[in-house]
Amino acid sequence: IFFTRSQPPPTLQEGKTSSSRMMFWGEVVLLPVLLAMVLWQLDLPQVFSSHAKMGISSGIYFLTQGGVIVRYLGLLLFPFPQNLDHDIAWATGFFDGTTGFSWLIVLLLIILGSRTVRRDPLVGFGILWFFLTLSVSSSIIPQKDAMMEHRLYLPSIGFIVVFLAGFYGLIKNF
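Here the residue numbers are simple positions, counted from 1 along each chain's written sequence. Residues qualify for local features only when their pLDDT is at least 70, as the model is predicted, and side-chain atom pairs are given and counted only at 80 or more; totals for whole chains, interfaces and linings, by contrast, use all residues. No hydrogens and no water enter the side-chain calculation; it runs on all heavy atoms of the structure.

## With respect to the nonpolar core
Cut-off, in case you're wondering: Residues grouped as a nonpolar core are buried Ala, Val, Leu, Ile, Met, Phe, Trp, Tyr and Cys residues, joined through side-chain atoms within 4.5 Å. To sort residues, take the accessible area from a 1.4 Å probe on protein chains only and compare it with the maximum for the residue type: under 20% means buried, over 50% means exposed, and anything in between is partly exposed. Numbering goes from the N terminus for both helices and strands, where a helix is a DSSP run of H or I of at least four residues and a strand is a run of E of at least two. Two residues qualify as a contact provided that any one of their heavy atoms is within 4.5 Å of a heavy atom in the partner residue.
Among the nonpolar cores identified, the biggest contains 19 residues, and V68, I69, Y72, F130, F131 and M147 are the most heavily contacted of them. Listing elements by their share of this core, those giving two or more residues are α3 (58-77), α4 (99-119) and α5 (121-134). Sort the elements by how many residues they give to this core and α3 lands first, with six residues. The residues contacting Y72, other than those within four sequence positions of it, are L134, S138, A146, M147, M148, R151 and L152.

Structure follows, in structure tokens:
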């Protein structure tokens, strides 16, 4: 048994309020149900077949987006060299070059954002905003170009929020 716990789930411990139980059940039950309802309405085979005409499968596009997201973060930190058409090599597998490492960075940042929401809501919001708004173009639905800088305009607001919250925290401690 791999999924055993030494203590009960946080919402079932003594002294927890009903609002924390509602949040737990909202995360565990309602989000998967809503996701299933949305996916039920989509005609996914038609969506993917129309993009297969470009010669890029959804899996290859998704794997490539890990490296693209890391490059987007690099452009936000150091905005050079800027280019209209970035030459991105398509990933052929998870262990191809830096693909696995890039996805590890992305996963760690998403976990950091979700864990930070309660402790520091502004930073957590900024991180989750970045990934949520970037998910529109960096998902499993292939597009002609793997990376275009204009796709970073809206997600950069989340990056700026995190940067300003961190800067404010530094100034406040002086």
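## Considering unusual backbone geometry
Cis geometry marks the peptide bond from F80 to P81; its omega dihedral reads -5 degrees. Following the sequence through the fold, P81 ends up in the loop between α3 and α4.

## Structural notes on the layout of surface pockets
Rules: Here a cavity is any set of points on a 1 Å grid over the protein atoms alone where a 1.4 Å probe fits but cannot get out, and a pocket is any open set with protein on both sides within 12 Å along at least 5 of 7 lines; a residue lines the site when it has an atom within 4 Å of a point. Grid points are joined across faces, edges and corners, and a volume is the space filled by probe spheres set on the points. Charged residues are taken to be Asp, Glu, Lys and Arg, nonpolar residues to be Ala, Val, Leu, Ile, Met, Phe, Trp, Tyr, Cys and Pro, and polar residues to be all remaining types, Gly included.
By volume, the largest pocket amounts to about 470 Å³. Around the largest pocket, the lining is made up of 15 residues, and of these I110, L128, F131, L132 and S135 lie nearest the centre. Elements with a minimum of two residues in the lining of the largest pocket: α3, α4 and α5. Taken together, the residues of the lining of the largest pocket sort by class into 11 nonpolar, four polar and no charged.

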